[in-house]
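Structural features, examined
As a plain string of letters, each chain reads:
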Amino acid sequence: MGLRVVLAADQAGVGYKDAIAERLRQHPRVDEVIDVGVGDVSDASAYPHLAVAGAELIAEGRADRGIFVCGTGMGVAIAANKVSGIRASTAHDSYSVERLVMSNDAQVLCLGQRVIGLDLALRLASEFLDHEFDPDSPSAEKVAVICEYERDH
Ligand SMILES: O=C[C@H](O)[C@H](O)COP(=O)(O)O
């Protein structure tokens, strides 16, 4: 089965979010693109509303991965990480995107529209979906520490 990918952005990230949506509809690993908004640049909803809405879809098992965009990629990451079970980070280079999945088993990649160019954002979004966490790798027990903390607090 392919991936269900949820996209979210505030008005500072909606341009890249829409471009990524178009690109991901052609991605061989993507079955479904779920867009939680904002719909256009006139919507001034604050980034935490969109990031939390997207992260909740993943936490509820209704999406597999998320790509969230704001001005820097940092606000949506901070907000998404407040949703229990979600691991999200900004990553603006290929190596970090690879390790975001392979080391951290993150479900959400966050990008900053005011920080990187569109071509790089599109490439990183695609690469993020090409990586698959190995639950038998040595990284798994480190991720488990995060999950245990969340469960116990
Ligand atoms: O992290 C926050 C985002 O970059 C957001 O798009 C812009 O937030 P600001 O208007 O508070 O700078």
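The model shown is predicted, which means the values in this text are computed figures rather than measured ones. (Residues numbered from 1 in each chain as written. Predicted model: local features only at pLDDT ≥ 70, side-chain atom pairs only at ≥ 80, totals over all residues.)

Once that is clear, we can look at the packing of helix 1 (residues 14-24) against helix 5 (residues 118-130). Viewed as axis vectors pointing N to C, helix 1 and helix 5 meet at an angle of 50 degrees, and their least axial separation amounts to 10 Å. In terms of axis orientation, helix 1 runs oblique to helix 5. Considering how the two elements wind past one another, helix 1 and helix 5 form a crossing that is right-handed. When helix 1 is examined against helix 5, the residues Y16, A19, I20, R23 and L24 are found in contact with a partner set consisting of L118, A121, L122, A125 and S126. (Axes fitted to C-alpha atoms, helices over the stretch in contact; angles between N-to-C directions. Helix = DSSP H or I, 4+ residues; strand = E, 2+ residues; numbered from the N terminus. Parallel < 35°, antiparallel > 145°, perpendicular 65-115°, else oblique. Left-handed = near helix turned anticlockwise from the far one by under 90°. Contact = placed C-beta atoms within 7 Å.)

Buried within helix 1 are the following residues: V14, Y16, K17, I20 and L24. All buried residues of helix 1 fall inside an arc of 160 degrees around its axis, so they share one side. Close packing links the buried residues of helix 1 with strand 1 (3-9), strand 2 (30-35), strand 3 (65-70), strand 5 (108-112) and helix 5. (Buried ≥ 20, exposed ≤ 12 C-beta atoms within 10 Å, placed from the backbone. Arc of directions from axis to C-beta.)

As a further point, take the environment of N104. Mapped onto the fold, N104 is located in the loop between helix 4 (94-102) and strand 5. In this structure N104 comes out as partly exposed when scored by C-beta crowding, with 18 C-beta atoms within 10 Å. Taking the C-alpha atoms as reference points, N104 and V143, separated by 39 residues in sequence, lie 6.1 Å from one another. The contact partners of N104, leaving out residues within four places of it in the chain, are R87, R99 and V143.

The biggest cluster of nonpolar side chains holds 41 residues, and the ones touching the most others in it are F68, V76, A80, V108 and L109. Each residue touching V108, except ones within four places of it in the same chain, is listed here: A55, I58, G66, F68, A80, I86 and A88. (Core = buried A, V, L, I, M, F, W, Y, C linked by C-beta atoms within 7 Å.)

Going from G37 to V38, the amide bond is cis rather than trans, its omega being 10 degrees. By the element assignment, V38 lies in the loop between strand 2 and helix 2 (47-59). Look at D105: it is not a glycine, yet its phi comes out positive at around 50 degrees. With respect to the helices and strands, D105 occurs in the loop between helix 4 and strand 5.

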